[in-house]
Amino acid sequence: MKGVEVGDNIALAPELMLAEIANVLHKKSLRDEISDDEGDQILILIQRLPIRLFSHKELVEGAVQLARDHALTVYDALFLELARQQNGSLFTGDLKLEKATVDIL
């Protein structure tokens, strides 16, 4: 991800990223960790980030196979499949997903 913030690299993500972020913000709001307004503002800011979003249609078949082969969720495998298709790197804090990248990317 280095350089994305200054335009040297392009960040890519499946559209699922927005739903996952919205879900996390919603859960934080339910636990009173953030207000609804804070969650809304964070989501707006995230949508303004220079991230190119990809439809799941071209990713889902490969993601399902990766999920099967590496015991991942299909949700996580969508990110990995996108990185594979685009010859990119995967930026993740998920150790299981990071481990799977060793065999694939």
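Here, the structure is the one placed above.
Quick summary incoming for the structure in this document. Owing to the predicted nature of the structure, the values given are computational and were not obtained by experimental measurement.

**Some words on the overall build of the chain**
Argument step 1. Secondary structure assignment for the chain yields 5 helices and 2 strands.
Argument step 2. Going residue by residue from the N terminus, the α and β elements of the chain occur as β-α-α-β-α-α-α.
Argument step 3. In terms of overall dimensions, the chain has a C-alpha envelope of 40 × 30 × 25 Å along the principal axes.
Argument step 4. Partitioning the contacts of the chain with sequence separation of at least 6, the portion at a separation of at least 24 is 53%.
Argument step 5. Looking at the chain as shown, the accessible area adds up to about 7400 Å², and 52% of this sits on carbon and sulfur atoms.
Argument step 6. The positive charge centre, built from 11 side chains, and the negative charge centre, built from 18, are 4 Å apart in the chain.

**Re the pattern of salt bridges**
Argument step 1. Applying the stated rule across the entire model yields 3 salt bridges.
Argument step 2. Linking Glu33 and Lys28 is a salt bridge whose minimum nitrogen-to-oxygen distance equals 3.1 Å.
Argument step 3. We classify Glu33 as partly exposed; its relative accessible area is 43%.
Argument step 4. Under the relative-accessibility criterion, Lys28 is labelled partly exposed at 29%.
Argument step 5. Arg84 is paired through a salt bridge with Glu81; the nearest N and O atoms lie 2.6 Å apart. With a gap of 3 residues between them, Arg84 and Glu81 both fall in helix H4 (residues 74-85), about one helical turn apart.
Argument step 6. According to the relative accessible area criterion, Arg84 is partly exposed, its value standing at 38%.

**Describing the nonpolar core**
Argument step 1. Counting residues in hydrophobic clusters, the biggest one holds 20 residues, and the most contacted among them are Met17, Leu72, Ala77 and Leu80.
Argument step 2. Put simply, the parts of the chain that give this core at least two residues each are helix H1 (16-30), helix H3 (60-70), H4 and helix H5 (95-104).
Argument step 3. Considering every element that reaches this core, the biggest residue donor is H4, with 5 residues.
Argument step 4. Those residues within four positions of Leu72 in sequence are excluded, and the remaining contacts are Leu66, Ala67, Ala77, Leu80, Lys96, Leu97 and Ala100.

**Considerations on the environment of Gly39**
Argument step 1. Tracing the backbone shows Gly39 in helix H2 (residues 36-48).
Argument step 2. Of the residues examined, Gly39 reaches a relative accessible area of 9% and is grouped as buried.
Argument step 3. Sequence-wise, Gly39 and Asn23 are 16 residues apart; in three dimensions their C-alpha atoms are separated by 10.0 Å.

**Considerations on the side chain of Ser29**
Argument step 1. Looking at the element boundaries, Ser29 is found in helix H1.
Argument step 2. The contacts of Ser29, once residues within four sequence positions are left out, are Ile34, Ser35 and Asp36.

About the thresholds
Residues numbered from 1 in each chain as written. Predicted model: local features only at pLDDT ≥ 70, side-chain atom pairs only at ≥ 80, totals over all residues. Heavy atoms only, no water. Helix = DSSP H or I, 4+ residues; strand = E, 2+ residues; numbered from the N terminus. Contact = heavy atoms within 4.5 Å. Areas by Shrake-Rupley, 256 points an atom, 1.4 Å probe, with all protein chains shown as cover. Lys, Arg positive; Asp, Glu negative; His and termini not counted. Charge placed at Lys NZ, Arg CZ, Asp CG, Glu CD. Salt bridge = Lys/Arg side-chain N within 4 Å of Asp/Glu carboxyl O. Buried < 20%, exposed > 50% of the residue type's maximum accessible area, 1.4 Å probe, protein only. Core = buried A, V, L, I, M, F, W, Y, C linked by side-chain atoms within 4.5 Å.

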